[in-house]
Amino acid sequence: MEVVVCSDINGLRSIILMIMLFLILWSSTTVSSSTGINSTSKDRLALMDFKHGINRDPLGVLSSWNYSVDYCPWIGVNCSSHRHADRVTALNLSSYRLVGSLSPHIGNLTFLRLMDLQKNSFHGEIPSELGGLFPLRVLMLSDNSFEVGSLSKLQSLGLSKNYFTGSIPASLGNLSSLLQLGLWENNLEGSIPEDLGRLTNLTRLHLDNNKLTGTIPYSLYNLSSLLETDFMSNRLSGTIHLDIGLAFPHLIYLSVLDNRFAGPIPVSLSNASNLVSIQFQMNHFTETVPRDLGMLHNAQIISMALNQLGGSTTGDDLSFIPSLVNCTRLKYLIFGDNFLRGSFPSTIANLSNQIHWISFGENQTHGTVPSEIFTNWVNVEMFSMHSNRLTGNIPPNIGKLQKLRFLYLHANELLGRRPSSLGNLTFLSFLYLHDNNLFGEIPPNLAASQNLLNLTLSNNNLNGSIPKEFFGLSSSPLLLDFSGKALTDSLPLEVGNMINLVTLHLSNNRLSGALPDTIEKCLMIQELRLDGNFFHEEIPIAL
């Protein structure tokens, strides 16, 4: 296969991609001069060999290039002025209308860090000796007519985490032996070429974190050998092919996260029985969640948050949960920010005891929180069911979740007292219970967690005083919100111990007395809300 690189946008992309490939995959010994020649002489001879490869120099830019000892002042040549003085570090001859070929002796410029030959008329093959220039960091050869030799046996092409722009070259479809293609974290735009569908041996396709638009080409669904495919964080739209699970029967990893896809979640996903990770969050998917996801016995991550799933008139949008009992390796189940309706089936407690994160916040679910889940989910670190219509009490056995770090149950209709067992959660960092109908005093043992960072209990039916234990923590929280309703007594002097406190909300309570001067020790505080109370006497000077 011979790829001729021209000045059109696909050609430009091709040359940059192929050049980077040469740097990554080939290292060759440089063309050596005769023994006894010092390093600076080798640099001068390499530059003269470069000049001899030029057939036309209409602007005369190389007229200063001769056999004089000092080559550093030559046009387009930059040398080091430090440790390796007089060694060529940059060759910049862009836009000089030079015509010719690139000498392989360029490989003797062993300190070269930049070479810019853009917008000339170079032709012939790109010398493989470039692969031996290990200091080379910037190589710009676009807008020429270079030829690249055969790459028909190439199996892996990794060009990720660069600054490539333009579109994905259709010519990549000629790399018939390619098994892995990685272009993630660039600035690539435009649509995905249909030609990639000719890479029938491809097992890994990573195009994530670019600016790609359009749909997934139908031709890609012919790549039945795919194990991983990642389109995350682009601007792709349209629907996911309904037969994707049949087209990719061996798929292990699938991510379309953070795009603009719409339509239903394909039921055929369950046919890709090897799937470990499914990430469909942050799109516009609608309709119901497929009920047979439980056929994915190897699944560890199922994430479909931030879509428009659910909203059924029958109110059974959670009917897919019982089948997930078969996913014995499941660790992350994330469905927050959708329109899911219905109550949680009791079988949710039978999900994998490997569950780390479970999120159904910001939906339209109702009913109670099944108490059984807090017995079985011994590895849970994050539990989120906030912003729903949940009722009933917080189950007291929630204290069994010894690894819990994030608990979000705010903005529901939960009743009763806060379970004292919450104080057993010594790893808890974020506890959000605000905007419910909880009542009673604040349990002092809530302060037992030395890892507590954010605690919000506002807009409930609290009463009593603020436990002093909160102000004696060795590593004080960043945010405390006890605003709303009926807390009484004064603000403890120990508030000055909270040296890391950033936000303190105590507004709309019945707190009274003087504000303690010790509050001046809270040097990190940025937001202090005390309005709607009965504080009196002078405002501390520190405020």
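Scroll up a little and you will see the structure.
Source: prediction; values computed, not measured. (Residues numbered from 1 in each chain as written. Predicted model: local features only at pLDDT ≥ 70, side-chain atom pairs only at ≥ 80, totals over all residues. Heavy atoms only, no water.)

### Remarks on the overall build of the chain
Our working definition: Helix and strand definitions here come from DSSP, where helices need a minimum of 4 consecutive H or I residues and strands a minimum of 2 consecutive E residues; each element is numbered from the N-terminal end. In this description the radius of gyration comes from C-alpha coordinates, and the expected globular size is given by 2.2 Å times residues to the power 0.38. We call two residues in contact whenever any of their non-hydrogen atoms come within 4.5 Å of each other. The method behind every accessible area is Shrake-Rupley, applied with a 1.4 Å probe, and residues are considered shielded solely by the protein chains displayed. Lys and Arg are tallied as positive, Asp and Glu as negative. Neither His nor the chain termini are counted. The atom standing in for a charge is NZ when the residue is Lys, CZ when it is Arg, CG when it is Asp and CD when it is Glu.
Of regular secondary structure, the chain possesses four helices and 39 strands. Expected size for 543 residues packed as a compact globule is a radius of gyration near 24 Å; at 33 Å, the chain overshoots this value by more than 25%. By its C-alpha atoms, the chain is 90 × 65 × 35 Å across when sized along the principal axes. Once local pairs closer than 6 in sequence are excluded, the contacts in the chain between residues at least 24 apart make up 58%. If you sum the accessible surface of the chain, you get close to 23200 Å²; carbon and sulfur atoms cover 50% of it. The chain carries 33 positive and 42 negative side-chain charges, and their two centres are separated by 5 Å.

### With respect to the packing of aromatic side chains
Which entries qualify depends on this criterion: Any pair of Phe, Tyr and Trp rings, taking the six-membered ring for Trp, is counted once the centres come within 6.5 Å. Such a pair is stacked with planes under 30 degrees apart, edge-to-face with planes over 60 apart, and tilted for the rest. Residue exposure (1.4 Å probe, protein chains only): buried if accessible area is under 20% of the type maximum, exposed if over 50%, otherwise partly exposed.
Taken as a whole, this structure holds 19 aromatic pairs when the rule is applied. Ring geometry for Trp-357 versus Phe-406: centroids 6.1 Å apart, planes at 55°, classification tilted. Here Trp-357 is found in strand S24 (residues 357-359), whereas its partner Phe-406 is found in strand S28 (residues 406-408), with 49 residues between them in sequence. A relative accessible area of 30% means that Trp-357 is categorised as partly exposed.

### Looking at the pattern of salt bridges
A side chain of one charge can pair with a side chain of the opposite charge if their charged atoms are brought near each other. Here is the rule: The term salt bridge refers to a pairing of a side-chain nitrogen on Lys or Arg with a carboxyl oxygen on Asp or Glu at a separation within 4 Å.
Scanning the model with the defined rule gives five salt bridges in all. With a closest N to O distance of 3.1 Å, Asp-316 and Arg-291 form a salt bridge. Placement of the pair is Asp-316 in the loop between strand S21 (301-303) and strand S22 (332-334) and Arg-291 in the loop between strand S20 (284-286) and S21, with a sequence separation of 25 residues. Residue Arg-291 is classed as exposed on the basis of its relative accessible area of 53%. The closest approach of N and O atoms between Asp-531 and Arg-529, which form a salt bridge, is 3.3 Å. Owing to a relative accessible area of 35%, Arg-529 belongs among the partly exposed residues under this scheme.

### Examining the pairing of strand S33 (residues 461-464)
Looking down a regular strand, the side chains alternate between one sheet face and the other. Spelled out, the test is: Strand pairing requires that DSSP identify at least two bridges connecting the strands.
One ladder, built from two bridges, connects strand S31 (residues 437-440) with S33; its direction is parallel. In the sheet register, Phe-439 faces S33, and the bridge partner there is Asn-461. Strand direction decides the pairing type here: S33 and strand S35 (residues 486-487), joined by two bridges, are parallel. What sits directly across from Gly-464, in S35, is Leu-487.

### Topic: the environment of Ile-168
Within the fold, Ile-168 resides in the loop between strand S10 (156-158) and strand S11 (180-182). Accessibility expressed as a relative area gives 3% for Ile-168, which makes it buried.

### Here we look at the state of the cysteines
Defined as follows: Note on terminology: pairs of cysteine sulfur atoms within 2.5 Å are recorded as disulfides.
Applying the stated criterion across every chain, the model contains one disulfide. The disulfide that involves Cys-72 links it to Cys-79, with 2.2 Å between the sulfurs. Here the S-S torsion is close to -100°, and the disulfide linking Cys-72 with Cys-79 is therefore left-handed.

### Topic: the sheet that holds strand S29 (residues 415-416)
Spatially, S29-S31-S33-S35 is the arrangement adopted by the four strands of the open sheet, whose pairing is parallel. Strands at the two margins of the open sheet, each flanked by one partner only, are S29 and S35.

### Brief notes about the nonpolar core
Just so we agree on the cut-off: Throughout this description, the term nonpolar core refers to a set of buried Ala, Val, Leu, Ile, Met, Phe, Trp, Tyr and Cys residues connected via side-chain atoms within 4.5 Å.
With 108 residues, the main nonpolar core has Phe-280, Ile-302, Met-304, Leu-333, Phe-360, Phe-383 and Phe-482 as its most contacted residues. Setting aside residues up to four positions removed in sequence, Phe-280 forms contacts with Ile-240, Leu-254, Val-256, Ile-265, Pro-266, Leu-269, Phe-285, Ser-303, Met-304 and Asn-307. With 30 residues, the next largest nonpolar core counts Cys-72, Leu-91, Leu-139 and Leu-141 among its residues.

### What about the layout of surface pockets?
Counted only if it meets this: Using a 1 Å grid laid over the protein atoms alone, points where a 1.4 Å probe fits but cannot get out form a cavity; open sets with protein on both sides within 12 Å along at least 5 of 7 lines form a pocket; any residue with an atom within 4 Å of a point counts as lining. Grid points are joined across faces, edges and corners, and a volume is the space filled by probe spheres set on the points. In the scheme used here, Gly and all other residues not listed as nonpolar or charged are polar, with Ala, Val, Leu, Ile, Met, Phe, Trp, Tyr, Cys and Pro taken as nonpolar and Asp, Glu, Lys and Arg as charged.
When its volume is computed, the second largest pocket comes out at roughly 210 Å³. Along the wall of the second largest pocket there are 16 residues; nearest its centre are Ala-305, Ile-334, Asp-337, Ser-359 and Met-382. For the lining of the second largest pocket, the secondary structure elements donating two or more residues are S24 and strand S26 (382-384). Taken together, the residues of the lining of the second largest pocket break down into seven nonpolar, seven polar and two charged.

### Notes on the environment of His-410
Secondary-structure assignment places His-410 in the loop between S28 and S29. It is 62 Å that separates the C-alpha atoms of His-410 and Leu-91, two residues lying 319 residues apart in sequence. With near-sequence residues (within four places) excluded, His-410 lies in contact with His-386, Ser-387, Tyr-432, Leu-433, His-434, Asp-435 and Asn-436.

### Brief notes about unusual backbone geometry
Residues other than glycine seldom take positive phi values, yet Glu-362 does so here, at roughly 55°. By secondary structure assignment, the location of Glu-362 is in the loop between S24 and strand S25 (364-367). Classification of Glu-362 by relative accessible area gives partly exposed; the value is 37%.

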